[in-house]
Amino acid sequence: MIRICYFASTSNEPDGVVKKILSQFLGLKELCPDSKLFLLMRKPPSPPMSRLLDSLDDVFIEVTENTGVSRIKARRLKMQKVIKLLESTE
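So, here is what we can say about the structure in this document. Everything numeric here is computed off the predicted structure, so don't read it as measured data. (Residues numbered from 1 in each chain as written. Predicted model: local features only at pLDDT ≥ 70, side-chain atom pairs only at ≥ 80, totals over all residues. Heavy atoms only, no water.)

A word on the overall build of the protein
The condition is simple: Starting at the N terminus, helices and strands are each numbered in turn, a helix being any DSSP run of H or I of at least four residues and a strand any DSSP run of E of at least two. As defined in this context, the radius of gyration uses C-alpha atoms, and a globule is described by 2.2 Å times the residue total to the power 0.38. Exposure categories follow from relative accessible area, calculated using a 1.4 Å probe and restricted to protein chains: below 20% of the type maximum is buried, above 50% is exposed, and the middle band is partly exposed. What makes two residues a contact is simply this: any of their non-hydrogen atoms within 4.5 Å.
For the protein, the helix and strand inventory stands at 3 helices and 3 strands. Ordered by position from the N terminus, the helices and strands of the protein form the series β-α-β-α-β-α. Compactness check: the protein gives a C-alpha radius of gyration of 13 Å against a globular reference of 12 Å for 90 residues, within 12% of the reference. Expressed along its principal axes, the backbone C-alpha trace of the protein runs to roughly 40 × 30 × 15 Å. Counting only residues that meet the buried cut, the protein has 30% of its 90 residues in that class. Put simply, 57% of the contacts in the protein that link residues at least 6 apart link residues at least 24 apart.

As for the environment of Arg51
By secondary structure assignment, the location of Arg51 is in helix H2 (residues 47-54). Take Arg51: its relative accessible area is 58%, and that puts it in the exposed class. Spatially, the C-alpha atom of Arg51 lies 23 Å from that of Leu85, the residues being 34 residues apart in sequence.

As for helix H3 (residues 71-88)
Short version of the rule: Multiplying one less than the number of residues by 1.5 Å gives the expected span of a helix. The reported arc concerns the directions from the helix axis to the C-beta atoms and nothing else.
In this model H3 runs 26 Å from its N-terminal to its C-terminal C-alpha over 18 residues, within 8% of the 26 Å that 1.5 Å per residue would give. When we look at burial in H3, the residues that qualify are Ala74, Val82 and Leu85. Take H3 and look down its axis: the buried residues cluster within an arc of 75°, on one side only. Turned more than 90 degrees off the buried face of H3, the exposed positions are Ile72, Lys84 and Glu87. At its buried positions, H3 is contacted by strand E1 (5-9), strand E2 (36-41) and strand E3 (59-63).

A look at the pattern of salt bridges
Short version of the rule: A carboxyl oxygen of Asp or Glu within 4 Å of a side-chain nitrogen of Lys or Arg is what we treat as a salt bridge.
Scanning the entire structure with this criterion turns up 4 salt bridges. Here Asp58 makes a salt bridge to Lys29, at a shortest N to O gap of 2.5 Å. Placement of the pair is Asp58 in the loop between H2 and E3 and Lys29 in helix H1 (residues 16-31), with a sequence separation of 29 residues. For Asp58, a relative accessible area of 25% puts it in the partly exposed group. The class of Lys29 is buried, set by a relative accessible area of 19%. For the salt bridge of Lys81 with Glu62, the shortest nitrogen-to-oxygen distance reads 3.5 Å. In this pair, Lys81 is assigned in helix H3 and Glu62 in strand E3, connecting sequence segments 19 residues apart. A network of salt bridges, in which partner residues are shared, links Lys29, Lys36 and Asp58.

A word on the pairing of E1
What counts here: Should DSSP find at least two bridges between two strands, the strands are regarded as paired. Orient the strands so they point away from the viewer; a crossover is then right-handed if the path from the first strand over the helix to the second runs clockwise.
Alternating positions in E1 separate cleanly, Tyr6 and Ala8 being buried on one face and Cys5, Phe7 and Ser9 remaining unburied on the opposite face. Two strands pair when backbone bridges link them, and E1 and E2 are joined in this way by 5 bridges, in the parallel orientation. In the sheet register, Phe7 faces E2, and the bridge partner there is Phe38. What joins E1 to E2 is H1, and the crossover it makes is right-handed.

Here is the structure:
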């Protein structure tokens, strides 16, 4: 069975981009039920976002605190977090 780990860097509000990502993930879940979605956010999810995500299975939130660092360092930290998450799903 194939497992898809979908990673997305999003805002902490349920905007159009987040809704599109969730729609895509739900489509993937129909094809590959063992799939997981990891949302990387700079801040904890807002109350409306939390309510939206609480209704879904296999959606994980990772808050990446990278304020005050350069863009390159922030990207590096984010990728290190993604690698650790991938290793933990094996």
